[in-house]
Amino acid sequence: MSSHSVTSRTFDRNARAALADTQLRGALRHATSLFGERRLAAIGTVDDWEGLRTRAREIKDRTLAQLDRYLEEFADNAERAGARVHWARDGEEACAIIGQIARERGVRTVVKSKSMASEEIHLNAALARLGIEPIETDLGEYIIQLAGETPSHIVVPAIHKTKRQIAELFVEKLGIPPSDDVATLTEAARAALRQRFAQADMGISGVNFGVAETGTILILENEGNARLTTSLPPVHAALMGIEKVIPSFQDLDVFLKLLPRSGTGQLLTAYQSLITGTRRAPGDEGPEELHIVLMDNGRSRVLAHPTTRQSLACIRCGACLNACPVYQQVGGHAYGSVYPGPIGAVISPQLFGLENSSQLPYASSLCGACRDVCPVKIDIPELLLHLRSQVVEGDDAPQAKPLERLSFAAYATLMERPALLRVATGVGRLAQRLLGIRERVGKQGGVTARLAPPLGAWTAWRDLRPLAPRSFRDIWRTELRDAPPPQRIPAGVATRADRSGGDGS
Amino acid sequence: MTRNEEARRSVLAAIRRRLAESAPHDAAHAQRHQPPTPADRGMSLPVLNGAAPSTSVAVEPLPRDPLERFRYRLEAVAGTFTLVRGSDALVAELERILRSAGARRVAVSEAAEIRAVVEGACERAGAELIIDASPRDLFDCDVGISTAQWAIAETGTLVLESRLERHRFVSLIPRVHIALLRADRVCETLGDALQRVRAGAAEGEVPSAAITLITGPSRTSDIELTLAIGVHGPQELHVVVVEPGDATMPDATANPTHSQPDGLT
Ligand code: SF4
């Protein structure tokens, strides 16, 4: 799927294309169900998972309610430890800051570890415009970069690709002999990237958590590329969304229990790097310079209401993607945003503007699976409804959907007036009988499937239930209300539960 | 005002403004809104991939002894564990690992207290020992040897602190990482380990510039979620645990030049 023509404005079209891609759907089914199983097994190792989720959310809520204070504390402590802290109001400013750091130091190649924030602001493109070559070093990101694509999952960027596709890519780009052995492919990437690490003048990483109390940044990973990125080159720049701050060092305990279990089903990822400032003595390891870029880019706006503010509690574990029946079918690219899935459907419109992604709040069945798995208890369905109401109440909405408004107004009128409803359904029944269409209503390819647009857009995928010959109210009034109560079923009589193997006694 | 000062002010001001805007909604929202838990809705959780109560997953009986639990978790993530007593046994074990790894060049961290043991093992295994290897040298080393200051039983994790030992590259760049650990350095939980690391830096002092938690060798599942071991970091992680009270393994955590004694038992 080309990432260029896909935008979050056209979710419906993107989704249809994705649904037709059987290879994609196979890969997604495999990955999301495996993630689901692993996650369940991992959370079983925690005594009080619910309690842990509640604590995490409380910490996040408390921090967000005083975000200004905690950010200042974080920045002051990080600088005391030797880091330089830069503030960026938006993505453009963040790109400019990092670009300037690189240019001033004559940087030619940059190694990067996975950072969704850098995807969000299209940092790679900005660096390339300055003549600086950014190299993604996380295996998944590297694959995506070689293929010229965008990530389709926030934890496993190349989740949509099969190993055969990756093998072909490596044959073409790395010149390796054909192989679809995963270990061989991994080895090829390791060898290619080692050279890039050795050459790089600067490393760029994201940040999973920033600790206000100590000015420490924490980066989680499995491959070791983030450790190399943050310690091998002489300069390290870490891009951090302002929502990543947490108050104390000890709070890490809660989040380190939740994040790997929810994300990959691990008790801990292979590596956590806790970085506090720069090297302390000349002979020490690690970069000479550490730059932390604190980026707003639409986040502060979201603080203005408790419903929207909760989206800043997200720790980007990806569990809601794996659990989402919509994501499971269409994958990440259909959302047309760097943040796909349920969390993407709520943060993309909030960060990048509702007008650019007005379809995303509808890319959900509101089943609640995302809310149930979320380690920080974000009520994504509540947020989706909140955003939907903003879409509907948007300035141009009344003109845009007059028919829809009319239908719902008529529906409300009927529902509020029982007498009117009785008359209307009576008329409906009569028409149904006279036209002899009861048998065909509600069948596949039945009458309603062929309604003219705009109603046809609705009924093409759903069918109208035919009206029952008699209403329940009618049956109740004439037969049930005064009938004697039903007798208890005597023991020994077969019930349906018995036959289906249930406990019928 | 510099750009950075201006940006700092403007971001903080935006945060304060939005939080003030939110204030009238906050109380009402907190009252009205308690997100329903799956249990509230009487749902069968695994069906939804939901948060299962921990009772629904069979919890394996874990060893009671923290060191044994550490071993259990470490082996579950493809690390190896051996317990030795006495410097001869330690040298012999290191030699065995070096030989099985086919080690030719070995890099050692700056932890002086293990230098003698490592020298002995390298000599016997016929491997060259590189001291103070630069990152560039390390790309040509097969094995890196360091100590670990702490371990975590709950997760099978090693904790390395740069304040006590320069470890970053030795434990990362060569194919094989051997970590020496004192048996009495095993913490029960992640929370305990964080507390100790934090307490290691005295009040008002900053923690180590780099604290690294290591749980097993480097790994990836980025290709079809198939596990591959050894991507950018080591392919093998060997933890050699030295029995407490053994004079051959001085205590890297209680390095007298850096750290104060702690209340470990
Ligand atoms: S919304 Fe929750 S489940 Fe989804 S990525 Fe964020 S923290 Fe994870």
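Please read these numbers as outputs of a predicted model, since none were measured by experiment.

Rules used in this analysis
The numbers attached to residues start from 1 for each chain and follow its sequence in the written order. Labels follow written order: the first chain is A, the first ligand is 1, and so on. At least 70 in pLDDT is required for a residue's local features to be given in this predicted model, at least 80 for side-chain atom pairs to be given and counted, and no such filter applies to totals for whole chains, interfaces and linings, which use all residues. Just so you know, side-chain values use all the structure's heavy atoms and leave hydrogens and water out. Here a helix means four or more residues in a row that DSSP labels H or I, a strand means two or more in a row labelled E, and each is numbered from the N terminus. Partly exposed describes any residue whose relative accessible area lies between the buried limit of under 20% and the exposed limit of over 50%, with all areas from a 1.4 Å probe on protein chains only and scaled to the type maximum. Surface accessibility in these figures is a Shrake-Rupley result with a 1.4 Å probe; residues are shielded only by whichever protein chains are displayed. Throughout, a contact is declared for two residues whenever any of their heavy atoms are within 4.5 Å. One requirement defines pairing of two strands: DSSP has to find at least two bridges between them. Note on method: axes are straight lines fitted to C-alpha atoms, helices fitted across the in-contact stretch only, with angles between N-to-C directions ranging 0 to 180 degrees. Residues are counted as near a molecule or strand when any one of their heavy atoms sits within 4 Å of it. Amino acid classes used here: Ala, Val, Leu, Ile, Met, Phe, Trp, Tyr, Cys and Pro are nonpolar; Asp, Glu, Lys and Arg are charged; the rest, including Gly, are polar. Buried area is understood as the total, over both parts, of accessible area removed when two parts are fitted together, assessed with a 1.4 Å probe. In what follows, salt bridge is the name for a side-chain nitrogen of Lys or Arg lying within 4 Å of a carboxyl oxygen of Asp or Glu. Polar contacts, as counted here, are pairs of nitrogen or oxygen atoms within 3.5 Å of one another; within protein the pair requires one atom able to donate a hydrogen and one able to accept it, and residues that are adjacent in sequence qualify only if both atoms are side-chain atoms. Helices are assigned an expected span. That span is 1.5 Å times one less than the residue count. Definition used in this section: a nonpolar core is a set of buried Ala, Val, Leu, Ile, Met, Phe, Trp, Tyr and Cys residues joined via side-chain atoms within 4.5 Å. Here a patch means residues that are over 30% exposed by relative accessible area and free of salt bridges, tied together within 9 Å if like-charged and within 5 Å if nonpolar (Val, Leu, Ile, Met, Phe, Trp, Tyr). Roughly parallel here means an angle under 35 degrees, roughly antiparallel means over 145, roughly perpendicular means 65 to 115, and every remaining angle is called oblique. Per residue, pLDDT captures the predictor's confidence, and it can take any value from 0 to 100. Note on ring pairs: Phe, Tyr and Trp rings are taken, using the six-membered ring of Trp, and paired if centres are within 6.5 Å. Classes follow the plane angle, with under 30 degrees stacked, over 60 edge-to-face and the rest tilted. Charge-over-ring contacts are defined here by two conditions on Lys NZ or Arg CZ: a distance within 6 Å of the ring centre and an angle within 35 degrees of the ring normal.

Draft legend 1. Examining the overall build of chain A more closely. Summing up its helical and strand segments, chain A has 25 helices and 10 strands in all. Counting the 505 residues in chain A, one finds 55% classified as buried. Put simply, chain A shows about 22400 Å² of open surface, and 54% of that area lies on carbon and sulfur atoms.

Draft legend 2. Looking closely at the overall build of chain B. Looking only at helices and strands, chain B features 6 helices and 12 strands. The buried share of chain B, taken over its 265 residues, is 51%. For chain B, the proportion of contacts with a sequence separation of at least 24, taken over those separated by at least 6, is 73%. With an accessible surface of roughly 11500 Å², chain B has 52% of that area assigned to carbon and sulfur atoms.

Draft legend 3. Quick peek at the sheet that holds strand 4 (residues 143–147) of chain B. Residues and elements named next belong to chain B. Strand order in the open sheet formed by 6 strands is 1-12-7-4-2-3, with parallel pairing between adjacent strands. What marks the edges here is a single partner per strand, and that holds for strand 1 (80–84) and strand 3 (128–131). The mean angle between the axes of side-by-side strands here comes to 25 degrees, regardless of whether they run parallel or antiparallel. Inspection of the sheet shows strand 1 paired to strand 12 (residues 236–242) by 5 bridges, in the parallel sense. Paired with phenylalanine 81 across the two strands is valine 239, which belongs to strand 12. Docked against the sheet, helix 3 (residues 87–100) engages strand 1, strand 2 (105–108), strand 4, strand 7 (176–182) and strand 12, running at close to 170 degrees with respect to strand 12.

Draft legend 4. Quick peek at the site of the ligand. Close to the ligand lie Cys314, Ile315, Arg316, Cys317, Gly318, Cys320, Ile343, Cys374, Pro375, Val376, Ile378 and Ile380 of chain A, which account for all nearby residues. Residue classes in the shell around the ligand are distributed as 10 nonpolar, 1 polar and 1 charged.

Draft legend 5. Representation of the interface of chain B and chain A. In this complex, chain B contributes 82 residues to the contact, which on the side of chain A involves 114 residues. At the boundary of chain B with chain A, total buried surface from both sides reaches about 8300 Å², with 58% on carbon and sulfur atoms. Considering only the side of chain B, the residues that lose the most area to chain A are Ile223, Leu225 and His232 of chain B, jointly responsible for 10% of the buried surface there. Linking chain B with chain A are 10 salt bridges, by the criterion used here. The partner of arginine 8 of chain B in a salt bridge is aspartate 76 of chain A, with the nearest N and O atoms 3.6 Å apart. Put simply, chain B and chain A have 35 residue pairs in polar contact (both at pLDDT 80 or more) between them.

Draft legend 6. Representation of the sheet that holds strand 4 (residues 202–205) of chain A. Residue and element names in this part refer to chain A. One open sheet holds the 6 strands; their spatial order is 1-10-7-4-2-3, and the pairing between them is parallel. The outermost strands of the open sheet, each flanked by one partner alone, are strand 1 (84–88) and strand 3 (133–136). The average undirected angle you get between the axes of adjacent strands in this sheet is 25 degrees. For strand 2 (residues 109–112) and strand 4, the ladder comprises 3 bridges, and the chain directions are parallel. Bridging from a neighbouring strand, lysine 112 pairs with isoleucine 204 of strand 4.

Draft legend 7. Expanded view of helix 5 (residues 91–104) of chain A. Here helix 5 of chain A is 14 residues long and its end C-alpha atoms lie 20 Å apart, about the 20 Å a rise of 1.5 Å per residue gives. The secondary structure elements touched by the buried residues of helix 5 of chain A are strand 1, helix 7 (123–129), strand 4, strand 7 (235–241) and strand 10 (289–295) of chain A together with helix 1 (3–32) of chain B. For helix 5 of chain A, the capping residue at the N-terminal end is aspartate 90 of chain A, with a side-chain oxygen 3.3 Å from the backbone nitrogen of glutamate 92 of chain A. Directly after helix 5 of chain A, the chain includes glycine 106 of chain A, whose backbone phi takes a positive value near 65 degrees.

Draft legend 8. Local environment of the nonpolar core. Phe11, Phe209, Leu252 and Tyr335 of chain A are the most contacted members of the largest nonpolar core, which totals 77 residues. Sequence-distant contacts of leucine 252 of chain A, that is, excluding residues within four places in its chain, are made with Phe209, Val211, Leu218, Ile246 and Leu274 of chain A together with Leu194 of chain B.

Draft legend 9. Expanded view of the pairing of strand 4 of chain B. Residue and element names in this part refer to chain B. Of all the 5 residues making up strand 4, 5 are buried; the element is thus mostly covered by neighbouring parts of the structure. Both faces of strand 4 are covered, namely the face carrying Val143, Ile145 and Thr147 and the face carrying Gly144 and Ser146. One ladder, built from 3 bridges, connects strand 2 with strand 4; its direction is parallel. Across the sheet, valine 106 pairs through a bridge with valine 143, a residue of strand 4.

Draft legend 10. The arrangement of a nonpolar patch on the surface in detail. Among the surface-exposed residues, Phe408, Tyr411 and Met415 of chain A lie close enough to one another that they form a single nonpolar patch of about 360 Å² accessible area. Mapped onto the secondary structure, phenylalanine 408 of chain A falls in helix 21 (residues 402–416).

Draft legend 11. Just the pattern of salt bridges, in detail. Under the counting rule described, the total for this entry stands at 43 salt bridges over all chains. Close ionic contact of glutamate 72 of chain A with arginine 8 of chain B constitutes a salt bridge, the shortest N to O distance being 3.5 Å. Of this pair, glutamate 72 of chain A sits in helix 4 (residues 67–80) while arginine 8 of chain B sits in helix 1, each in a different chain. On the basis of relative accessibility, which here comes to 26%, the residue glutamate 72 of chain A falls in the partly exposed class.

Draft legend 12. Inspection of the packing of helix 21 of chain A against helix 22 (residues 418–435) of chain A at higher detail. Residue and element names in this part refer to chain A. Where helix 21 contacts helix 22, the two axes come as close as 5 Å, and the packing angle between them is 110 degrees. Put simply, helix 21 runs roughly perpendicular to helix 22. Along its contact with helix 21, which presents Thr413, Leu414, Met415 and Glu416, the element helix 22 presents Pro418, Leu420, Leu421 and Ala424. When its residues are assigned to classes, the contact of helix 21 with helix 22 shows 6 nonpolar, 1 polar and 1 charged.

Draft legend 13. Expanded view of the confidence of the model for chain A. Residue and element names in this part refer to chain A. For chain A, per-residue confidence averages 88 on the pLDDT scale, and residues scoring 70 or more make up 87% of the total. Confidence drops under pLDDT 50 across residues 1–5; counting only partners more than four residues distant or on other chains, this segment forms 5 contacts. Note that residues 495–505 has pLDDT below 50 and, in this model, 7 contacts with residues that lie over four places away or in other chains.

Draft legend 14. The pairing of strand 7 of chain A, seen in detail. All names here are of chain A. Within strand 7, 7 of the 7 residues are buried, which leaves it mostly tucked inside the rest of the structure. The pairing of strand 4 with strand 7 spans 4 bridges and is classified as parallel. Residue pairing in the sheet places methionine 202 in a bridge with valine 235 of strand 7.

Draft legend 15. Here's a closer look at unusual backbone geometry. For lysine 377 of chain A, which is not glycine, the phi dihedral falls at a positive 55 degrees. For lysine 377 of chain A, the location among the structural elements is in the loop between helix 18 (369–373) and helix 19 (380–393). Backbone geometry places alanine 78 of chain B, a non-glycine residue, at a positive phi of 75 degrees.

Draft legend 16. Quick look at the packing of aromatic side chains. Residues and elements named next belong to chain A. Counted according to the given criterion, the structure contains 7 aromatic pairs over all chains. An aromatic cluster is present here, built from Phe11, Tyr327 and Tyr335 joined pairwise through their rings. Above the plane of the ring of phenylalanine 255 lies lysine 60, whose end atom (NZ or CZ) is 5.8 Å from the centre.

Draft legend 17. Quick peek at the packing of helix 2 (residues 22–43) of chain A against helix 12 (residues 251–263) of chain A. All names here are of chain A. Orientation of helix 2 relative to helix 12, taken along the N-to-C sense of each, is 150 degrees, at an axis distance of 7 Å. Viewed along their axes, helix 2 and helix 12 adopt a mutual orientation that is roughly antiparallel. Each of Phe35, Arg39, Ala42 and Ile43 in helix 2 lies in contact with helix 12, whose residues at this interface are Arg261, Ser262 and Gly263. For the contact of helix 2 with helix 12, the per-class residue count stands at 3 nonpolar, 2 polar and 2 charged.

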